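# Structural overview for review
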Number of protein chains: 2
Amino acid sequence: MCHKGRAASKISRIERQIRGYRMNDHKLDALNLSALNRQGSARQTLTGAHAGTGPATDFDRWLVRTLLNNLGDPPFSIVLWDGQTITPPGVTPQTRVLIGKRNAIYKLLIDPELEFGDLYSSGTIEVEGDLVRFLETGYDCLAGRGKISRWLSALRRRPRANTLSGSRHNTQHHYDIGNAFYELWLDKPAMQYSCAYFPDPAMSLEEAQVAKMHHVCRKLGLRSGQTVVEAGCGWGGLARFMAKHYGVTVKAYNIAHEQVTYAREHAAREGLGESVEYIEDDYRNIRGNYDVFVSIGMLEHVGPEQYRELGGVIDRTLKDRGFALIHTMGRNREMCMNPWIEKRIFPGAIPPTLRQMMDIFEPWAFSIIDIENLRLHYAKTLEHWLARFEDHLDEVRSQYDESFIRPWRLYLAGSIAAFTTGSLQLFQIVFTRPKNNELPWSRAHLYKP
Amino acid sequence: MCHKGRAASKISRIERQIRGYRMNDHKLDALNLSALNRQGSARQTLTGAHAGTGPATDFDRWLVRTLLNNLGDPPFSIVLWDGQTITPPGVTPQTRVLIGKRNAIYKLLIDPELEFGDLYSSGTIEVEGDLVRFLETGYDCLAGRGKISRWLSALRRRPRANTLSGSRHNTQHHYDIGNAFYELWLDKPAMQYSCAYFPDPAMSLEEAQVAKMHHVCRKLGLRSGQTVVEAGCGWGGLARFMAKHYGVTVKAYNIAHEQVTYAREHAAREGLGESVEYIEDDYRNIRGNYDVFVSIGMLEHVGPEQYRELGGVIDRTLKDRGFALIHTMGRNREMCMNPWIEKRIFPGAIPPTLRQMMDIFEPWAFSIIDIENLRLHYAKTLEHWLARFEDHLDEVRSQYDESFIRPWRLYLAGSIAAFTTGSLQLFQIVFTRPKNNELPWSRAHLYKP
């Protein structure tokens, strides 16, 4: 569990101490950038909305050293708003982290995982150098950080519950930003906002997303004439692909209105109106019987409390010899989503452990026949997304300001780091009824050229 | 949990009722086989040690009908000791089950899963026709059987604990029967008493066991010069194969004395004394650091209470970029081993669910990268074993009597049924350290010719 109520009183005492220091110390005052010998975008950002503090004091420097020490003395230099630089002893810094305001230090001390994201997003913090590499080091630091910091982070809120109406709210938060934005950096034409499959890491994003769809269809043993139900279909790319390349009929459910509109338009344009039906509804309202159940990148938004119910939906919709596949982000062991991602990017999201997922399968005695972990494939997918996002920055800027762009960059870079450092996993799970003996004798058919 | 103490008082009341009927009914008396118009081995068996009951009464017939009804009226005819035959209404019987003694009916009513095995083993029950098909139907019946029968079966004992000394006792029970017996029907020369791999179901047992070893070695990414530790090495076939074909050095642990002796002799004979070391000791005493950890068919005997400790052994022995593989029987959901198998064949054995297995991985944040379910491969392996066992029956008879042969046949046939009906699974799980990014980009290398 993420909540550790017992730690709360201890934490609030520490918090009061820190806030006490702050009250006795300095008022926030104007940012003195002249002392900050920086240039380019970092300076632009730091001269933005958040300027304003006096020269750094001994106490400020002590707090920064405490922060760095608590993170295990990583290879970072911290450059304060007045240009003073603090580097852990004996360390060759790989990255310069520019802090534009005094209270950013307090916030980072209290909850680095949550506050760093907001401070970076607002431009109060700037990172010079490779953002992904910095975040990878950050993930490692947080994994090994001191007790106090862990107690403080334990104050985190619980994710928003995924009731029927809650799911709609949580999904709209992220997916209804606007199709045009996602079109700038997702694969075309399928628009898959989920991990691609790079059997050859030199593949383009488009090639890898097509390879992912074939991989999924082969794992499901898709045959012409079969019926498929898809739970959480995004912009509907997989449903169209299955109908077009495997001759199946698909009913695809999604609660995000803009995505469903897009999916319907594209299916009509591709002449797939007969074989693909997009239904703007929750997976819990799936009706009918199907040869195949598939769900790509939805489980993260379902919430473990609903897993048993999801299993029940699959149990009542899957035919006796049917196959099912769930593709989801996951964890090696139970932990909350990064609190900043959970708060700002994906409300209600929980990447589950395999143990947690068993609540989907065990009550209905589903038989798991194949699990593959594609962790590094998601890192590579995200690298493509981030590169395309940066390549299209001018177009993004024409629609959105920095308060949208900076958190989005951080979210993509941070997700790469989460996958490369092994904090996040990507599981594809294939399962069927326990008595289905019409199983392939090997997985070799997945790897035929 | 398997124990359902709450049901115990209700069950003992029902048992008293049944025993009460029995006391008021008949004393056990001589078996009248003249009325049983049967011939061959069935008759031979039934005339054996357990002859002796009077003509079947109305009450006997009512009990048999109750038994059949409780099993869902399967396609069996029950032939009683006096030749009277009872078939469920409207059913075309596929199998004739001959019951040689009155008290066998009571025993089957109380706990069919436990008692059937003993009654068949002693020859009190004979099955005419395809034993495997009969047991498959039996598994289906037991899965769907009535409440009373389930309450009664719930009285089952807990498996024997796998403490260090308990493990030795449990293992000796099964594996020290004598190497000569296993040599009659296992693959040569590796002698693998575990599921083979039949990418082509027409493969011979030898071909499939070699394919299994290659499959395991490829999943582990075995490279020349690496060090391997094997927990529970049986007769040591995989260790010799790895050293010979992949150029690795292996330390292989086993607590079964006769197996270790056999393994050492064969390694010396094959000139592998330098590269393979067999250690007669418990997996908990594994020392050293290795590139690879492998365990084939041991986990069933470890017991879920020890899984965390097993994970700790792997954690302290596996190098940073090491890979590990566990190959084990398993379940879709938690249930005890068939009580007869547990009592007579494999004391202490528990085929775990994937959820239970997470106690091995989660405490150490091991990252699962591949799970494959080879359920039907074990059914096919067992079919080969049973066929070879029957082919070598004369040689078996020269060493063992029917009280050994009949339970062994039942165990092999029943295991086939358990796998074909989906009661048992066979999982191969590959895992590594969470930060190991030296992962193959696909599993295609497992399927290269």
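Residues numbered from 1 in each chain as written. Chains lettered and ligands numbered in written order. Predicted model: local features only at pLDDT ≥ 70, side-chain atom pairs only at ≥ 80, totals over all residues. Heavy atoms only, no water.

### Observations concerning the overall build of chain A
As a reminder of what qualifies: In this description a helix means any DSSP run of H or I spanning at least four residues, a strand means any run of E spanning at least two, and both kinds are numbered starting from the N terminus. Working definition: with a 1.4 Å probe on protein chains only, accessible area under 20% of the residue-type maximum means buried, over 50% means exposed, and in between means partly exposed. Only heavy atoms enter the contact rule, under which two residues are in contact if any of them lie within 4.5 Å. Accessible surface is estimated by sampling points in the Shrake-Rupley manner with a 1.4 Å probe; for residues, cover comes only from the protein chains shown.
Tallying secondary structure elements over chain A gives 18 helices and 11 strands in all. Taken across its 449 residues, chain A has 62% of its residues classed as buried. Contacts in chain A between residues far apart in sequence, at least 24 positions, make up 73% of those at least 6 positions apart. Approximately 17,900 Å² of chain A is accessible, and the part contributed by carbon and sulfur atoms is 51%.

### A few points about the relation of the copies chain B and chain A
To keep things clear, this is the line we draw: Our superposition of the copies is a least-squares fit, built on the C-alpha atoms of residues whose pLDDT is at least 70 in both.
Superposing chain B onto chain A requires a rotation of 180 degrees together with a translation of 0.0 Å along the rotation axis, leaving an RMSD of 0.0 Å. Viewed as a symmetry operation, the transformation between the two copies matches a two-fold axis. Here 100% of the contact residues of chain B are again contact residues in chain A; the copies associate through an equivalent surface.

### Re the sheet that holds strand E2 (residues 85-86) of chain A
Residues and elements named next belong to chain A. Heads up, the condition is: When DSSP finds at least two bridges between two strands, those strands are taken to pair.
The strand order E2-E1-E3-E4 describes an open sheet built from 4 strands, whose pairing is mixed. Each edge of the open sheet carries a strand with a single partner, namely E2 and strand E4 (125-128). Pairing of strand E1 (residues 76-79) with strand E3 (residues 95-99) involves 4 bridges; the strand directions are parallel. Bridging across to E3, Phe 76 finds its partner in Thr 95.

### Observations regarding empty space enclosed by the protein
Residues and elements named next belong to chain B. Our working rule: Two kinds of site are reported from a 1 Å grid over the protein atoms alone, namely cavities, where a 1.4 Å probe fits but cannot get out, and pockets, open sets with protein on both sides within 12 Å along at least five of seven lines, and residues are called lining when an atom falls within 4 Å of a point. Grid points are joined across faces, edges and corners, and a volume is the space filled by probe spheres set on the points.
What the rule picks out here adds up to 5 cavities of 30 Å³ or more. Taken together, 42 residues line the largest cavity, and the ones lying closest to its centre are Phe 116, Leu 135, Tyr 139, Asn 338 and Gly 414. Mapped onto the lining of the largest cavity, the elements with two or more residues apiece are helix H3 (58-70), strand E1 (76-79), strand E3 (95-99), helix H5 (112-122), helix H6 (131-143), helix H14 (339-345), helix H16 (375-391) and helix H18 (402-420).

### What about the interface of chain B and chain A?
Quick reminder of the rule: What gets called buried area is simply the loss in accessible area from a 1.4 Å probe that two parts show on being joined, summed for both. Should a side-chain nitrogen of Lys or Arg be within 4 Å of a carboxyl oxygen of Asp or Glu, the pair is scored as a salt bridge.
Listed by partner, the interface residues are 45 residues for chain B and 45 residues for chain A. Of the roughly 3,900 Å² buried between chain B and chain A on both sides combined, carbon and sulfur atoms contribute 48%. The largest per-residue losses of area from chain B upon contact with chain A belong to Arg 355, Trp 441 and Arg 443 of chain B, which jointly make up 22% of the total buried on that side. Counting the contacts that link chain B with chain A gives 10 salt bridges.

### With respect to the nonpolar core
To be explicit about the condition: Side-chain atoms within 4.5 Å are what join buried Ala, Val, Leu, Ile, Met, Phe, Trp, Tyr and Cys residues into a set we call a nonpolar core.
With 160 residues, the main nonpolar core has Trp 185 of chain A together with Trp 185 of chain B as its most contacted residues. In this structure Trp 185 of chain B touches Tyr 193, Leu 205, Trp 385, Arg 388, Phe 389, Trp 408 and Leu 412 of chain B, once residues within four positions along its chain are discounted. Residues Ala 231 and Ile 429 of chain A together with Ile 314 and Phe 366 of chain B belong to the second largest nonpolar core, which totals 58 residues.

### Brief notes about unusual backbone geometry
All names here are of chain A. A cis amide bond links Lys 188 to the next residue, Pro 189, at an omega of 0 degrees. With respect to the element layout, Pro 189 can be found in the loop between helix H9 (179-183) and helix H10 (205-219). Of note in this structure, Met 191 is not a glycine but carries a positive phi near 55 degrees. By the element assignment, Met 191 lies in the loop between H9 and H10.

### Observations regarding the pattern of salt bridges
Within this structure, the stated rule accounts for 46 salt bridges over all chains. Salt-bridge contacts for Arg 344 of chain B lead to Asp 118 of chain B; the nearest nitrogen and oxygen are separated by 2.6 Å. Residue Arg 344 of chain B is found in helix H14, and its partner Asp 118 of chain B is found in helix H5; the two are separated by 226 residues along the sequence. Looking at Arg 344 of chain B, the relative accessible area reads 38%, which means it is partly exposed. Among the ionic contacts, a cluster of salt bridges with common partners joins Lys 219, Asp 370, Glu 372 and Arg 443 of chain A together with Lys 219, Asp 370, Glu 372 and Arg 443 of chain B.

### Some details on the pairing of strand E7 (residues 276-280) of chain A
All names here are of chain A. Defined as follows: We call a crossover right-handed when, viewed with both strands directed away from the observer, the connection leading from the first strand over the helix to the second proceeds clockwise.
Pairing analysis gives 5 bridges linking strand E6 (residues 249-254) to E7, with the strands arranged parallel. Each bridged residue has a counterpart across the sheet, and for Asn 254 the counterpart in E7 is Glu 280. Tracing the backbone out of E6, into helix H12 (residues 257-269) and back to the parallel element E7 gives a crossover that is right-handed.

### Topic: helix H11 (residues 237-246) of chain B
All names here are of chain B. Burial analysis of H11 places 8 of its 10 residues in the buried class, the great majority of the element. Among the residues making up H11, those that are buried are Gly 237, Leu 238, Ala 239, Arg 240, Phe 241, Met 242, Ala 243 and Tyr 246. A positive backbone phi angle near 65 degrees is found at Gly 247, which sits one or two residues after H11.

### Examining the packing of helix H4 (residues 102-110) of chain B against H5 of chain B
Residues and elements named next belong to chain B. Put simply, the rule is: Working convention: axes come from line fits to C-alpha atoms, limited for helices to the stretch in contact. Angles between N-to-C directions cover 0 to 180 degrees. Helix crossings get a hand from a simple test, with the near helix turned counterclockwise from the far one by less than a right angle marking a left-handed crossing and a clockwise turn marking a right-handed one. Here the term charged refers only to Asp, Glu, Lys and Arg, the term nonpolar to Ala, Val, Leu, Ile, Met, Phe, Trp, Tyr, Cys and Pro, and the term polar to all other amino acids, Gly among them.
Running from N to C, H4 and H5 point in directions that differ by 145 degrees, and their axes come no closer than 6 Å. Note that H4 runs across H5; the crossing there is left-handed. Of the residues in H5, those in contact with Ala 104, Lys 107, Leu 108, Leu 109 and Ile 110 of H4 are Pro 112, Glu 115, Phe 116 and Leu 119. Split into classes, the residues belonging to the contact of H4 with H5 amount to 7 nonpolar, no polar and 2 charged.

### Points about the sheet that holds strand E4 (residues 125-128) of chain B
Residue and element names in this part refer to chain B. What the 4 strands build is an open sheet, ordered E2-E1-E3-E4; its pairing is mixed. At either end of the open sheet lies a strand with only one pairing partner, and these are strand E2 (85-86) and E4. The pairing of E1 with E2 spans 2 bridges and is classified as antiparallel. Its bridge partner lying in E2, Ile 78 is registered against Ile 86.

### Things to note about the confidence of the model for chain A
Residues and elements named next belong to chain A. Applicable threshold: On a scale of 0 to 100, pLDDT captures the predictor's confidence in every residue.
Looking at chain A as a whole, the pLDDT averages 85, with 81% of positions reaching at least 70. Scored below 50 in pLDDT, residues 154-159 shows 20 contacts in the model against residues more than four places distant or in partner chains. Note on the complex model: pTM 0.86, ipTM 0.86.

### Structural notes on H6 of chain B
Residue and element names in this part refer to chain B. Here is the rule we go by: A helix is expected to span 1.5 Å multiplied by its residue count minus one. What qualifies as a polar contact is a pair of N or O atoms within 3.5 Å, subject to a donor-acceptor requirement within protein and to the restriction that residues adjacent in sequence count only when both atoms come from side chains.
With 13 residues, H6 should cover 18 Å at 1.5 Å per step; its first-to-last C-alpha distance of 18 Å lies within 8% of that length. The elements touched by buried residues of H6 are E1, E3, H5, E4, H16 and H18. Where H6 starts, the residue carrying a side-chain oxygen 3.0 Å from the main-chain nitrogen of Val 132 turns out to be Asp 130.

### Some points on the packing of aromatic side chains
Heads up, the condition is: Stacked, tilted and edge-to-face are the three classes applied to pairs of Phe, Tyr and Trp rings, where Trp contributes its six-membered ring and a pair requires centres within 6.5 Å; stacked means planes under 30 degrees apart, edge-to-face means over 60, and tilted covers the rest. By the criterion adopted, a ring carries a charge over it if an Arg CZ or a Lys NZ lies within 6 Å of its centre and within 35 degrees of its normal.
Under the definition given, this model contains 57 aromatic pairs over all chains. Centroid distance Phe 116 of chain A to Phe 134 of chain A: 5.6 Å. Interplanar angle 45 degrees. Geometry classified as tilted. One end of the pair, Phe 116 of chain A, is in helix H5 (residues 112-122); the other, Phe 134 of chain A, is in helix H6 (residues 131-143), with 18 residues separating them in the sequence. Residues Phe 116 of chain A and Phe 134 of chain A agree in their burial class; the two are buried. Cation over ring: Arg 308 of chain A sits above Trp 364 of chain A, and NZ or CZ is 5.7 Å from the ring centre. Against the face of Tyr 120 of chain B rests Arg 406 of chain B, its NZ or CZ located 4.2 Å from the ring centre.

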